[in-house]
Amino acid sequence: MVISATTRSAIDAEIAKYPRKRGALLAALHLVQREHGWIAPEAAKALAELFEIRPIEVMEVVTFYNMYFDRPHGRHQVRVCTNLPCSLRGARELVHALEQHLGVEAGETTADGRIHLGHEECLGACAWAPMMRIDDTYHEGLDAEKAKQILDSLK
Amino acid sequence: MPKITVDGAPYEVAEGRTILQALDDAGVLMNGVDIPHYCWHPKLSIDGSCRLCQVEVEGIPKLQIACNTPVQDGMVIHTQSERVEQARQGVMELLLVNHPLDCPICDQAGECKLQDYAFEYGVQHARTREPRRALKKRVDLGPTIVFDQERCILCRRCVRFCREVPGTGELSVFSRGDHSVIETFPGEPLDNDYSMNVADICPVGALTTKDFRFKIRVWFLEDVPGICTGCARGCNVHLGVANNRVYRYVPRRNDAVNETWICDEGRLSYARIGADDRIAGHERREADGRSLPASIDEAVTTAAERLRAVIDRKGAGAVGVLASPHATNEDLFVVRRFLEALGSSQSGFAVVTGRSDDLLIQPEKAANAEGCRALGFGPAAPLLTRARGGAISALLVLGHDVLATDGPELLETLRGLDVVLLADSHHSELEQVAQVVFATRVAAEKHGTLTNHAGRVQRVAPAVEPAFEAHAEGEIVWRLGRALGLPGFEAAWDPRAVSKALSEAVPAFAGIDLDSVPPGGVPKAGS
Amino acid sequence: MQKAPFVTSYLTEHTGDDAYATLAGYRACGGYEAARKALTELSPEQVVQLLKDAGLQGRGGAGFSTGMKWSFMPKGNDRPKYLVCNADESEPGSFKDRLLLERAPHQMLEGILIGAFATGAEKTFVYVRGEYAHPADVLQRAVDECYAAGILGANCLGAGLRHDVVVARGAGAYICGEETGLLESLEGKKGQPRKKPPFPAQFGAFGMPTTVNNVETFSHVPHVIAKGAEWFRSFGTEKSPGTMIFGVSGHVKRPGLYELPLGTRLDEIVFEHAGGPPDGRKVKGVIPGGMSMPILPASQLDVPMANESLRERKTMLGTGGVMVMDDTTCMVRVGCIITYFFRDESCGQCTQCREGTGWLHKIMQRIERGAGAVADLDLLLDVAGKMEGQTICAFADAAAWPVQGLLRHFRGDFEEHVKHGKCPFPESFEL
C-alpha cells in the first residue's frame, strides 16, 4: 500500500473542494510526502491512478516545485533564506556556520539522514533576517548560536 | 471572412484563425511569407513559448506572437520590419547560449532549423564566454529514438505530439527555468506506434531515430515524393534517396491523408525496397524442375506458350488472374483489359489484413486494395474455389498476399493446376509452384497511381531503379497479351497510354491520369 | 514576525490583538458589517462603482484598478465564476500579506465575500504559498469559523448569497504569484503562465471566468464599503488613494512593517520610520517595491511612494517591499543575488526568459569574480533588452528591470570590478 488509508481519506477531502479532481494534486503531493518523505515513482503512479492522469504528469509537477522531492531527502528540511534582504543581514554567514556545524554543504543531507540543509528564496520574513524554515516552522531573528541550538534539538 | 494585410499583400482568411494558421491555410507560410517558428506546428496545439514568430501588428504597441494572435478584419501585419528582425535575432542568440554547437558531429546538420535560422536570422558570432549547460547525451528513450538533452531547445513539440497525436504522453518537461529538461517517467520508455515522428518535428538534433542515425549526411539525399505502401492509408512520404538507394521515409504533409505523420511500421517499410528477399530477375522452370534466369522476352514467351496450351485445350475461361493490391491502378487496368480480351471472367484479389487504429493505420496491409475493388476485382475465395474444383487450369498470380489469407492448402490447390505464373516483388513459397516467375517493380520503382482506403488516387514515380531486371505488373501482363496476340495489345507498352485509357474507360477514374494527379492526390469519382 | 506594524492605520489597527484573528474578536471591532451592508443594502453594480470611485488599486504589484477588474467579469450565471485570492506572496522584500493572513484573516475574508457579491462568483480559492504553512492554518481556521457562523456557505450572512472559500496551498515556485501561473498551479499543474488570449475573466480557473486579487487588495475592500470612497481618498494621493503596508528590510535600524498612506516619501520611510542605516553608515541605494523593481540611488529617495511619481524615476511601487542597502554594499553582489533569483524561478517556457535569466546571472558572476570586461556591462543591458516585453508573462521584464536599474545608477561599481579584477568592497555582505 503506497498511500495509507488515512492519507487517502485526507486526499479525498481535498478533492471534494475542487471543481476538477486534479486541483487537489498539489495538496495530495504534500500529504503523500508527509507520509513518505519524498515522492517515489510508485507513489507517483498511485497518485496518477487516483487523479486519472499519467505518472509523468505527476512527476513534472513534483520536479517543478521546490517543496517536493523526487528522491529521499532527510527527515528535517532546514532552509535558510539567502535572498537579498536576508543576505544583507548575514544569511550567507549563517549558512556557512550551519554547514560547518552539520558537516555538510548546503544542498546536502547529513549522513544520519536527520537534516537536509539548503538555501531558499525569499520566505517573507525580510525584517527578521536572518531566518530559516524548518519543515513548516519559521525561525526568525537568528544568529549562528541560536540556529545551531535549534538544529541540535531536532530528532 | 476577415481580410488582413501581411507585408503589403492582402489575404482573405478564415474566422477564428491565428496569424500563423491563416498564413499556413493560404499556403504562404515560409513560402512567400517568412515567419520563422519553433514551437508552433500546424498539427499540434499552440504553445507560444519559443517567441520566435513575433510580428508587428499595427495598433498594438508590443510585438505579438503570430502563432497565438487571432486575425481580425483589417489587421495590418509586418513580418520583416527592423523591430521584428531584432526580436528574432534576440531569440536566436538566446537559443544558442546553451546550445553545444556540435554541428560537425550532429546528425541533424543539414536539416536543422537552429542551423538554418541562425544563419538566416541570427547573429554571426557568439558573445557567451561561460561553459554551456552540461546535460545527458545519447539517452536511449525507447526502441526507436535517441535523445541529446544538450541540443534540445525545449520547444515541447515532442511532448505535445505524444500527448495529442498517439495519446500516449510518454514525454514531459521536468524541472524549470534553465534546468528544464525533457524526460520520460522511470521505466516507461517512448514506445508507441508513431514514436519516430518526434524526430521529424524536433527542429534540432535532440531527437534522432536509431534507424537513420549516422547512415548518411542528409545533404547527400534527394527527397523524392512518394507513397508509403505499408497499408491502405497511403501516407505521403519523401523517399530519401542516394546512390540509387532509399535511406528513409519521412512523412510529406497531406492534410487529406496523413496530415504530417506516419506510423513507425510504415516509416520503416522503406527497407522492403532494397531488401535482400527481393525477387531479383525473371525465372522460368525447366522440365526437370530447375529454375533458370530468364530475360523478360524468354519469360513472356514461355508463359504465353503455357497459357496458349491451356486456352487451346480448355478455352479462355480456364485462365484466371489473382490480382495484387500492391499493383498500381494502371497495372490492374491492364489485367482487366487482358481478361476482357481473353474472354475470361476469372479473377479476384487477396489482401493481408491486420491491426488498425483510428489515427492512420488501416487494416488492409497494401496500398491499393481499393484500386482492386474500383477496377472490378472481387475477393479471391470464389476464384480459388473454382480452381480447386477444376474449372480453372491456369492462374496468373500477382503478389503473394494470398498465401497469408488462404493458408497452406493454397499451395496444394496451385500444385493441382496445369499452369501457375507468378509476378511478385519478394520471395515466397509461391515460387515453388510457379513455372514462370516474373520479378516485379515496387511502387518506388515505377510510374502509376494508387487508390487509398478512402478512394484518394495518389501518384507514384520511380525514385530508384532496381539493380536487376524487373517490370511493372502492367507491363508483364501487357507483354503476355501481345505474345498471345490479344486484340488491343498490339502497341508497345506505354504507361501513359494505359493511364489515359484507364481514365477514359473507367468512370471512377475519369479525368485522372498520370500527368493530372496533383502532388496531394485526388479523390476518384464517388469518393 | 511582528504582530502589528510600527505605524498602523485602518488595515492594521487591530492586528496587535491576538483575538482579532478570531471571528469573535473581528466582530467585536465591527467585522462583517461592511459585508452585511453590501449584501443587503447595495447592488453589485453599486459595490463596483464604489470601488471605482474610491480608486482602489491592486496591491499585488501591478496596481490595476480593482473596480475595473471586477467589472470585467461576465454578467449572468451560465457558467460558474470564481474569485482567486493571490496569497502567494513571494516577491523578495515583501512580507505584508503574511501579516494580514496571520493577524487579520477575517478582514480579507470579508473583502472576498464582498467581491463574491459584486462579481457573482460562487467560490473563492485562496492560493497561499506553500511555505506559509502557519498563515494558511490560521486562515483555514477563520474559514471554518465563517462556515460555522453562516458567514460562508449556502446563505452567507442570511442574505441569500451562496459562497464557498477554499484554501489552496502552493509548493514553492515564485512564478505562481503571476496570476495565470497561479491558475495553472491551482488546477494541479506546473505553474507555467498561460499565453493570452484567452484572459482569466473569460477563461480562468478550471476554464471559468475568474478574477484574481491580492490579499492586501481584498483587505482594503471592507473599509471602502463601510466608510465610503471619500473617506478612502482622504488617504494617499489623488491617483493612488489609500494606505499600503510597506515592508522595510536590509540596512535599517528598525526593519519591519509600516502602514502608511500612498505617496509617503521614500526617504521618510527609510530614515524617519525605519530609523535609517546603522550608525556611521550611509544609504547607498534602495529598492522601493520588491526585487522586480529597479533600484534608486541615495540621491533619489525624495520621491512619493506612488506609481505616478516612481515611474518618473523609472521604477515602480510594486509590492511596497523597501530594501535598503548601505554604503558597504557591493551592487554587483546585489546583481548576483537578483539574477540568481530570477534564474532559479523562471518557469522555463519562453526562450528569452529561460536563457536570458541564466545568461544574466553568468555575466554578473563573471564581473563579480573580477573576470569581466568593459563590454560585459553593455552586454548585460543588451540581454536585458532582449528579454523585455517579449514573453508570455512579465517575469522576464521583472528580471530585466533590476539589472537595468543597477547599471543606470551604479555603473561605477561594475566598472571598478572590471578595472581592478576583483570586488572593491571588502565590507560588503558575503555571497
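Residues numbered from 1 in each chain as written. Chains lettered and ligands numbered in written order. Predicted model: local features only at pLDDT ≥ 70, side-chain atom pairs only at ≥ 80, totals over all residues.

Once that is clear, we can look at the overall build of chain B. Check the secondary structure of chain B and you find 14 helices and 23 strands. Based on the C-alpha atoms only, the size of chain B along its principal axes is roughly 90 × 50 × 35 Å. The proportion of buried residues among the 527 residues of chain B is 52%. (Helix = DSSP H or I, 4+ residues; strand = E, 2+ residues; numbered from the N terminus. Buried ≥ 20, exposed ≤ 12 C-beta atoms within 10 Å, placed from the backbone.)

A separate point is the overall build of chain A. Helix and strand counts for chain A come out as 7 helices and 5 strands. The linear arrangement of helices and strands in chain A, starting from the amino end, is α-α-α-α-β-α-α-β-β-β-β-α. Seen along its three principal axes, the alpha-carbon backbone of chain A occupies a region of about 45 × 30 × 25 Å. The buried share among the 155 residues of chain A stands at 51%. A separation threshold of at least 6 residues defines the contact pool for chain A, and within that pool the share at least 24 residues apart is 56%. (Contact = placed C-beta atoms within 7 Å.)

Counting from both sides, the interface comprises 9 residues of chain A and, opposite them, 11 residues of chain B. The dominant element in the side of chain A that touches chain B, judged by the number of residues it contributes, is helix 4 (residues 55-64) of chain A, at 7 residues.

It is worth spelling out the interface of chain C and chain A at this point. Listed per partner, the contact involves 48 residues of chain C and 37 residues of chain A. Residue assignment for the side of chain C that touches chain A shows that the elements contributing at least two residues are strand 4 (161-169), helix 8 (179-186), strand 6 (243-250), strand 7 (256-261), strand 10 (321-326) and helix 12 (331-345) of chain C. Taken together, the residues of the side of chain C that touches chain A sort by class into 23 nonpolar, 15 polar and 10 charged. (Nonpolar A, V, L, I, M, F, W, Y, C, P; charged D, E, K, R; others polar.)

So, on to the packing of helix 1 (residues 5-15) of chain A against helix 2 (residues 25-36) of chain A. Residues and elements named next belong to chain A. For the pair helix 1 and helix 2, the least separation of the axes is 9 Å and the interaxial angle reads 165 degrees. By the angle between their directions, the pair helix 1 and helix 2 is classed as roughly antiparallel. Helix 2 is crossed by helix 1, and the crossing has right-handed handedness. Residues Thr 7, Ala 10, Ile 11 and Glu 14 of helix 1 pack against Ala 27, Ala 28, Leu 31, Val 32 and Glu 35 of helix 2. Per-class residue counts for the contact of helix 1 with helix 2 are 6 nonpolar, 1 polar and 2 charged. (Axes fitted to C-alpha atoms, helices over the stretch in contact; angles between N-to-C directions. Parallel < 35°, antiparallel > 145°, perpendicular 65-115°, else oblique. Left-handed = near helix turned anticlockwise from the far one by under 90°.)

A word on the nonpolar core. Within the largest apolar cluster, 349 residues are counted, with the highest numbers of intra-cluster contacts made by B:Leu322, C:Val84 and C:Val286. No other element matches helix 15 (residues 395-420) of chain C, which puts 10 residues into this core. Once residues lying within four places of it in the same chain are set aside, the contact partners of C:Val84 are C:Thr124, C:Phe125, C:Tyr127, C:Leu182, C:Leu183, C:Leu186, C:Ala205, C:Thr210 and C:Val212. (Core = buried A, V, L, I, M, F, W, Y, C linked by C-beta atoms within 7 Å.)

Once that is clear, we can look at helix 12 of chain C. Residues spaced three or four apart along an α-helix face the same direction, because each turn holds 3.6 residues. An ideal rise of 1.5 Å per residue puts 21 Å on 15 residues; helix 12 of chain C measures up with 21 Å between its terminal C-alpha atoms. Across the 15 residues that make up helix 12 of chain C, a large majority, 15, are buried. (Expected span 1.5 Å × (residues − 1).)

Bringing the sheet that holds strand 5 (residues 76-78) of chain B into the picture now. Residue and element names in this part refer to chain B. Pairing is mixed across the open sheet formed by 5 strands, whose spatial order is 2-1-5-3-4. Of all the strands in the sheet, the pair left with one neighbour each is strand 2 (9-12) and strand 4 (64-65). Strands in contact with helix 2 (residues 82-96) are strand 3 (54-57) and strand 5; relative to strand 3, the strand with the most contacts, it is inclined by about 160 degrees. (Pairing = 2+ DSSP bridges.)

With that out of the way, let us pick up unusual backbone geometry. In this chain, A:Ala129 is followed by A:Pro130 through a cis amide linkage whose omega measures -10 degrees. Along the polypeptide, A:Pro130 turns up in the loop between strand 3 (115-120) and strand 4 (132-134). Going from C:Lys196 to C:Pro197, the amide bond is cis rather than trans, its omega being -5 degrees. Within the secondary structure, C:Pro197 is located in the loop between helix 8 and strand 5 (210-214). In this structure, B:Asn243 is a non-glycine residue whose phi angle is positive, near 50 degrees. Its location among the elements puts B:Asn243 in the loop between strand 12 (236-242) and strand 13 (245-251). Note on B:Asn243: 9 C-beta atoms within 10 Å, which makes it exposed.

The strands making up a sheet associate through backbone hydrogen bonding, with each pair oriented either parallel or antiparallel. Residue and element names in this part refer to chain A. If you walk across this open sheet you meet the 5 strands as 2-3-1-4-5, and the pairing is mixed. Strands with a single pairing partner mark the edges of an open sheet, and in this sheet they are strand 2 (108-109) and strand 5 (137-139). Of the strand pairs in this sheet, strand 1 (residues 76-81) and strand 4 are connected by 3 bridges, and their pairing is antiparallel. Bridge assignment links Arg 79 to a residue of strand 4, and that residue is Arg 133.

With that settled, the discussion passes to helix 4 of chain A. By the criterion of burial, helix 4 of chain A is predominantly enclosed, with 10 of the 10 residues buried. Every buried residue of helix 4 of chain A is listed here: A:Pro55, A:Ile56, A:Glu57, A:Val58, A:Met59, A:Glu60, A:Val61, A:Val62, A:Thr63 and A:Phe64. Against the buried residues of helix 4 of chain A lie helix 2 and helix 3 (41-51) of chain A together with strand 8 (171-174) and strand 9 (181-184) of chain B.

Our next topic: the environment of B:Val84. All names here are of chain B. The residue Val 84 is located in helix 2 in this model. By the C-beta count within 10 Å, which is 20 here, Val 84 ends up buried. Sequence separation between Val 84 and Leu 63 is 21 residues; the distance between their C-alpha atoms is 7.4 Å. Every residue in contact with Val 84, bar those within four places of it in the chain, is listed here: Gln 54, Val 55, Glu 56, Leu 63, His 78 and Thr 79.

What follows concerns the environment of B:Asn236. All names here are of chain B. Relative to the elements of secondary structure, Asn 236 occurs in strand 12. Accessibility expressed as a C-beta count within 10 Å gives 27 for Asn 236, which makes it buried. Spatially, the C-alpha atom of Asn 236 lies 8.7 Å from that of Gln 458, the residues being 222 residues apart in sequence. Those residues in contact with Asn 236 that sit more than four places away from it in its chain are Ile 227, Pro 251, Arg 252, Asn 254, Val 257 and Asn 258.

Here the focus is the pairing of strand 20 (residues 436-439) of chain B. All names here are of chain B. By the alternation rule, side chains of strand 20 split into Val 436 and Phe 438 and Val 437 and Ala 439, which are all buried. By the bridge criterion, 2 bridges tie strand 14 (residues 282-285) to strand 20 in an arrangement that is antiparallel. Following the sheet pairing, Glu 283 is matched in strand 20 by Val 437. For strand 19 (residues 419-424) and strand 20, the ladder comprises 4 bridges, and the chain directions are parallel. When the bridges of strand 20 are listed, Ala 423 appears paired with Phe 438.

What follows is about the packing of helix 5 (residues 96-103) of chain C against helix 9 (residues 215-233) of chain C. For any two helices packed against each other, the geometry comes down to the angle between their axes and how far apart the axes lie. Residue and element names in this part refer to chain C. Running from N to C, helix 5 and helix 9 point in directions that differ by 55 degrees, and their axes come no closer than 9 Å. Accordingly, the angle class assigned to the pair helix 5 and helix 9 is oblique. The handedness of the crossing between helix 5 and helix 9 comes out as left-handed. Across the interface between the two elements, Lys 96, Asp 97, Leu 100 and Leu 101 from helix 5 touch Val 215, Glu 216 and Ser 219 from helix 9. Residues that form the contact of helix 5 with helix 9 fall into these classes: 3 nonpolar, 1 polar and 3 charged.

What follows concerns the pairing of strand 15 (residues 291-294) of chain B. All names here are of chain B. Alignment of strand 14 against strand 15, held across 4 bridges, turns out to be antiparallel. Note on strand 15: the bridge partner recorded for His 282 is Ala 294. In this structure, the hairpin formed by strand 14 and strand 15 is closed by a connection of 5 residues, where Gly 289 is found at a positive phi of approximately 95 degrees.

Moving on to the confidence of the model for chain B. The predicted model of chain B averages 96 in pLDDT, with 100% of residues at 70 or higher. Prediction confidence for the complex, expressed as pTM and ipTM, is 0.96 and 0.97 respectively. (pLDDT = per-residue confidence, 0-100.)

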